[in-house]
Amino acid sequence: SHFGIKSGAVISAVDLIKGIGVYAGLRSIDVPGATGLYDTDYEGKVAAAIEALKTDDFVYLHIEASDEAGHEGDAELKVRTIEYLDSRVVKTILDEISGWDEPVSMAILPDHPTPCALRTHTAKPVPFTIYRTGVSGDGVQRFDERSAQEGSYGNLSGDEFMNLFIDGDR
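Residues numbered from 1 in each chain as written. Predicted model: local features only at pLDDT ≥ 70, side-chain atom pairs only at ≥ 80, totals over all residues. Heavy atoms only, no water.

**What to know about the overall build of the chain**
- Across its full length, the chain carries six helices and five strands.
- Listed N to C, the secondary structure of the chain is β-α-β-α-β-α-α-β-β-α-α in terms of helices and strands.
- Rg of the C-alpha trace for the chain: 16 Å, near the compact-globule value of 15 Å for 170 residues, within the 12% margin.
- Within the chain, buried positions represent 34% of all 170 residues.
- Intrachain contacts of the chain at a sequence separation of at least 6 include 56% that bridge at least 24 residues.
- A total accessible area of about 10400 Å² is found for the chain, and carbon and sulfur atoms account for 52% of it.
- Charge separation in the chain, taken as the distance between the mean sites of 15 positive and 29 negative side-chain charges, equals 2 Å. (Helix = DSSP H or I, 4+ residues; strand = E, 2+ residues; numbered from the N terminus. Rg over C-alpha atoms; globule rule 2.2 N^0.38 Å. Buried < 20%, exposed > 50% of the residue type's maximum accessible area, 1.4 Å probe, protein only. Contact = heavy atoms within 4.5 Å. Areas by Shrake-Rupley, 256 points an atom, 1.4 Å probe, with all protein chains shown as cover. Lys, Arg positive; Asp, Glu negative; His and termini not counted. Charge placed at Lys NZ, Arg CZ, Asp CG, Glu CD.)

**Comments concerning unusual backbone geometry**
- Backbone geometry places Arg 119, a non-glycine residue, at a positive phi of 60 degrees.
- By relative accessible area, which is 47% here, Arg 119 ends up partly exposed.

**Topic: the packing of aromatic side chains**
- Evaluation of the coordinates by the stated rule reveals four aromatic pairs.
- An angle of 5 degrees between the planes, with centres 6.1 Å apart, marks the rings of Phe 161 and Phe 165 as stacked. Separated by four residues within a single helix, Phe 161 and Phe 165 lie in helix α6 (residues 160-167), roughly one turn from each other.
- For Phe 165, a relative accessible area of 11% gives the class buried.
- A connected cluster of aromatic rings, assembled from ring pairs, spans Phe 128, Tyr 153, Phe 161 and Phe 165. (Phe/Tyr/Trp six-rings, centres within 6.5 Å; stacked < 30°, edge-to-face > 60°.)

Set out below in structure tokens:
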């Protein structure tokens, strides 16, 4: 399969994302209570992702809540959904995989910006971070657009991100 992934899963409340995942050869995992909004079942999605990671090479966990808050122009809600991502998704997954015996990589990034002021998608670069078991970071301490620009990866385009994520640092 593409990027050498033998088995993988996609978890999303958004039909378009599920369809792209299935087209890419991923199995779609449905999570009851996954709404695509701020009230989505974060814990259910995380549990499904962790379970899938035990058998699959790759899991794409998509959470739409922050994007929807951006479309609504609700900055307070967007901040809350990002805080939910941090405390209810990223922390839980990181706590779990950091204790595994095998190496695991995790990337965190938005698929596109949706600024509250514009209430629509923009084509500006997005920040990303990659965690790899046993690999030290580059010193960037914050996850935002400006800080990410100063990171060791710089700006990537096209399939450069996936090649880097799957193949590792060269």
